[in-house]
Amino acid sequence: MAQRWTVSQAQDLFNQPFLELMFAAQQVHRQHFDPRQVQVSTLLSIKTGACPEDCKYCPQSARYKTGLESERLMEVAEVLASARKAKAAGSSRFCMGAAWKNPHDRDLPYLEQMVRGVKALGMETCMTLGTLNDSQAHRLADAGLDYYNHNLDTSPEFYGSVITTRSYQERLDTLGKVRDAGIKVCSGGIVGLGESVSDRAGLLVQLANLPVPPESVPINMLVKVKGTPMADNEDVDPFDFIRTIAVARIMMPGSHVRLSAGREQMSEQTQAMCFMAGANSIFYGCKLLTTPNPEEDKDLQLFRKLGLNPQHTTTESGDNEQQQLLTGQLLTADSGLFYNAAV
């Protein structure tokens, strides 16, 4: 049975001397994973902008003037074309994000087709669509959806300073419905919202103490977008970010901890320390929704320097497209459009 964590215990981890924390995280990581394997995902915005939520970090909100043009739900064929490119460039999971408070039932047939189409390519599927009801969760599960992303963002105590249009409990309820439908959970948060170390500890406690911890835990660094209320937030110290990765690894030893938004701002050395701290998943591609993400060839170069290998999923077709990542025969995934740190 997974350990039940307290905020005090999590804070004690954050307060450990840096090298001691790194050593502990590396030990936990090696007990549960091959330390040289990294799971690689690509994220596509399938519906951009005009979101009614007021998340203060997000340019997709209709409440902020960020210059982002809203777009309607993409055609299924267009989504599948992007998925093929992502797979050829080395991604094993394809994540589809829509800027909605919640999907409408009229959208479900198209979403189901997207899931089935990506699955037919031999890739894992993930969606982030906002709040789901029970029926929607089960329909996506029946279509074959592997993962659902719905971030908690921060601690319950700090949450109201970031978002007022959706409650923390609503987020937890959606995660419960997703889990009950048989879909794996992807849920994490954002560092750099103005939160305290106690808030970072509180977020990780919420995640680790779920009935089943999320299989995937994205840790985002705030990407400051002009026009959003958090455009002028203070930069996150790289060591504080690395600490958050290490504590997440220790508290959720069996989860994939993902470097998500903000990697474009990180040096190779910071990313390397994150991998040492237990990160073993990345978003891969030239854009992460609306924010820049290191291009694939930069990631390939870093993988080579660190001796890391992309984790492959077994496909029925048995093709070797993902081996292209190792040989450098890369196709640029022209998939991302905007930043929404719910990834």
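Cut-off values and rules
Residues numbered from 1 in each chain as written. Predicted model: local features only at pLDDT ≥ 70, side-chain atom pairs only at ≥ 80, totals over all residues. Heavy atoms only, no water. 1 Å grid on protein atoms, 1.4 Å probe; cavity = no way out; pocket = protein on both sides within 12 Å on 5 of 7 lines; lining within 4 Å. Points joined across faces, edges and corners; volume = space filled by probe spheres on them. Nonpolar A, V, L, I, M, F, W, Y, C, P; charged D, E, K, R; others polar. Helix = DSSP H or I, 4+ residues; strand = E, 2+ residues; numbered from the N terminus. Axes fitted to C-alpha atoms, helices over the stretch in contact; angles between N-to-C directions. Parallel < 35°, antiparallel > 145°, perpendicular 65-115°, else oblique. Left-handed = near helix turned anticlockwise from the far one by under 90°. Contact = heavy atoms within 4.5 Å. pLDDT = per-residue confidence, 0-100. Core = buried A, V, L, I, M, F, W, Y, C linked by side-chain atoms within 4.5 Å. Buried < 20%, exposed > 50% of the residue type's maximum accessible area, 1.4 Å probe, protein only. Expected span 1.5 Å × (residues − 1). Salt bridge = Lys/Arg side-chain N within 4 Å of Asp/Glu carboxyl O.

Caption draft 1: Spotlight on the layout of surface pockets. Each pocket or cavity is described by its volume, and for the largest pocket that value is around 270 Å³. Contributing to the lining of the largest pocket are 11 residues, with Arg72, Leu73, Trp100, Asp107 and Tyr110 lying nearest its centre. In terms of residue class, the lining of the largest pocket is made up of 5 nonpolar, 1 polar and 5 charged. Size it by volume and the second largest pocket reaches roughly 190 Å³. Pro35, Phe275, Met276, Leu306 and Leu308 are the residues nearest the centre of the second largest pocket, which is lined by 14 residues in total. Within the residue set of the lining of the second largest pocket, elements represented by two or more residues are α2 (18-32), β1 (37-47) and α10 (268-276). In the lining of the second largest pocket, the residues fall into 8 nonpolar, 4 polar and 2 charged.

Caption draft 2: Representation of the packing of helix α4 (residues 108-120) against helix α5 (residues 134-143) within the structure. As a packed pair, α4 and α5 sit with axes 8 Å apart at the nearest point and diverge in direction by 30°. Between α4 and α5, the crossing angle belongs to the class labelled roughly parallel. Regarding α4 and α5, the two cross each other, and that crossing is right-handed. Along the contact surface, α4 presents Leu108, Pro109, Leu111, Glu112, Val115 and Arg116, while α5 presents Gln136, Arg139, Leu140 and Ala143. Partitioned by chemical class, the residues of the contact of α4 with α5 number 6 nonpolar, 1 polar and 3 charged.

Caption draft 3: Spotlight on the confidence of the model for the protein chain. Mean pLDDT for the protein chain: 80, with 79% of residues reaching 70 or above. Segment residues 286-293 is flagged for pLDDT under 50; beyond a separation of four residues in sequence, or across chains, it makes 43 contacts in the model.

Caption draft 4: View of the nonpolar core. Ranked by size, the top nonpolar core spans 89 residues in total, and within it Met127, Leu140 and Phe241 carry the most contacts. Broken down by element, the residue count for this core peaks at 8 residues, all from helix α9 (residues 238-251). In this structure Leu140 touches Leu108, Leu111, Met127, Leu129, Leu132, Leu145, Tyr148 and Ile183, once residues within four positions along its chain are discounted. Among the nonpolar cores identified, the runner-up in size contains 5 residues, and Leu43, Cys95, Cys126 and Tyr147 belong to it.

Caption draft 5: Quick look at helix α8 (residues 197-208). Over its 12 residues, α8 extends 16 Å from the first C-alpha to the last, a length consistent with the 16 Å expected when each residue adds 1.5 Å. For α8, the buried fraction is high: 9 of the 12 residues fall into the buried class. For α8, the set of buried residues is Asp199, Arg200, Ala201, Gly202, Leu203, Leu204, Val205, Leu207 and Ala208.

Caption draft 6: Here's a closer look at the pattern of salt bridges. Counted according to the given criterion, the structure contains 7 salt bridges. When the shortest N-O distance is used, the salt bridge between Arg93 and Glu124 registers 3.0 Å. Taken together, the residues Arg93 in strand β2 (residues 93-98) and Glu124 in strand β3 (residues 124-128) connect sequence positions 31 residues apart. With a shortest N-O distance of 3.0 Å, Lys119 and Asp146 are connected by a salt bridge. Of this pair, Lys119 sits in helix α4 while Asp146 sits in the loop between α5 and β4 (147-149), and the two are 27 residues apart along the sequence. A relative accessible area of 16% places Asp146 in the buried class.

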